[in-house]
Amino acid sequence: MIELEIHDGVAEVVLNAPGKLNALDEHALAELGDAYAQAEFAQVRALVLRGEGRAFCAGRDIAGVDPRDDDVQRYLGGLVEPLLKRMARFPAPTFAVAHGACLGVGLGLLIATDIVYVADSAKVGSPFKNLGATLDSGGHALFYERLGAHRAMDLIVTGRLMSGSEAVAAGLFSQAMPADDVLEATRAAARDAASGPTQAFVASKRLIADLRDHRLGLWASMSEENRAQAALCDTEDYREGFAAFQEKRAPQFTGRG
């Protein structure tokens, strides 16, 4: 179900089960983790995650699951959560192409991605009241952080789905655009990122993660920024960026420390 292609320092990870809207079972989760591990081993400098067919990912594949003996804690806590943490810590900028249904675990994949470009017509929300279930994969934190308590609960209780345009306007994701344009726009952004200062991007990822996890306030974050900048001074890309600016030319970044 999961495919991986690597070209010119950019990995493209594809959820390829369009017949079930790229819903993820345990096997698919393991394959997805393996794809990220292979991309990391290849030292790619950007990664794109996308889905084939009508949807990005409709969530968990519950076909054949018996709710009477379903070990949902094992699925979510033992499989999904470690995968999302691995994705979030990927040592290069990551991009996602969101279209169609982006629900449940599918929403979690987007939460664990650095930059998310969505189709105007994408569908995001929490339709789980019809299953007697609740939002998972980090959805509560995202909705509360960006929408506030009242709007988060409104989406959860009503089951209403936001369009991609609404989701971006609410601050959930990066950019919204027509469905026909979103894949190529994301690929272009990833190619551009792959030519940039990878170590500087990774430093920013760590700082954003600390802020998002509420480990840092303004002044503590500023101190961490100072330390990160000092560490970057020793990288080839930092020296190249300075030299290029002083010489009034375009920098040629390698991504190396």
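Model, not experiment: these values are computed from the prediction.

Trainee: Looking at this structure, how should I read the pairing of strand S6 (residues 115-119)?
Mentor: Residues in a regular strand project their side chains so that they alternate between the two faces of the sheet. Burial runs high along S6: 4 of the 5 residues are buried. Bridge analysis of strand S4 (residues 94-98) against S6 gives 4 bridges, and the strand direction is parallel. Residue pairing in the sheet places Val97 in a bridge with Tyr117 of S6. The pairing of S6 with strand S9 (residues 175-177) spans 3 bridges and is parallel.

Trainee: How should I be thinking about the pairing of strand S2 (residues 10-15) in this particular structure?
Mentor: For S2, the buried fraction is high: 6 of the 6 residues fall into the buried class. Burial of S2 is two-sided: the residues Val10, Glu12 and Val14 facing one way and the residues Ala11, Val13 and Leu15 facing the other way are all buried. Pairing geometry for strand S1 (residues 2-7) and S2, over 6 bridges, is antiparallel. Paired with Glu5 across the bridge in S2 is Glu12. Between S1 and the antiparallel strand that follows it, S2, lie 2 residues; Asp8 among them carries a positive phi value of about 50°. Handedness of the S2-helix H1 (residues 26-41)-strand S3 (residues 46-51) crossover: right-handed.

Calculation rules
- Each residue is numbered by its place in its chain's sequence as written, counting from 1.
- pLDDT decides what is reported in this predicted model: residues at 70 or higher carry local features, side-chain atom pairs at 80 or more are listed and counted, and totals for whole chains, interfaces and linings draw on all residues regardless.
- Only hydrogens and water are set aside; all other atoms, that is, all heavy atoms of the structure, feed into the side-chain values.
- Buried means the residue's accessible area, taken with a 1.4 Å probe over protein chains only, is under 20% of the maximum for its type, while exposed means over 50%, and partly exposed covers the values in between.
- Numbering goes from the N terminus for both helices and strands, where a helix is a DSSP run of H or I of at least four residues and a strand is a run of E of at least two.
- Note: two strands are recorded as paired if DSSP finds a minimum of 2 bridges between them.
- With its strands directed away from the observer, a crossover is right-handed exactly when the path from the first strand over the helix to the second travels clockwise.

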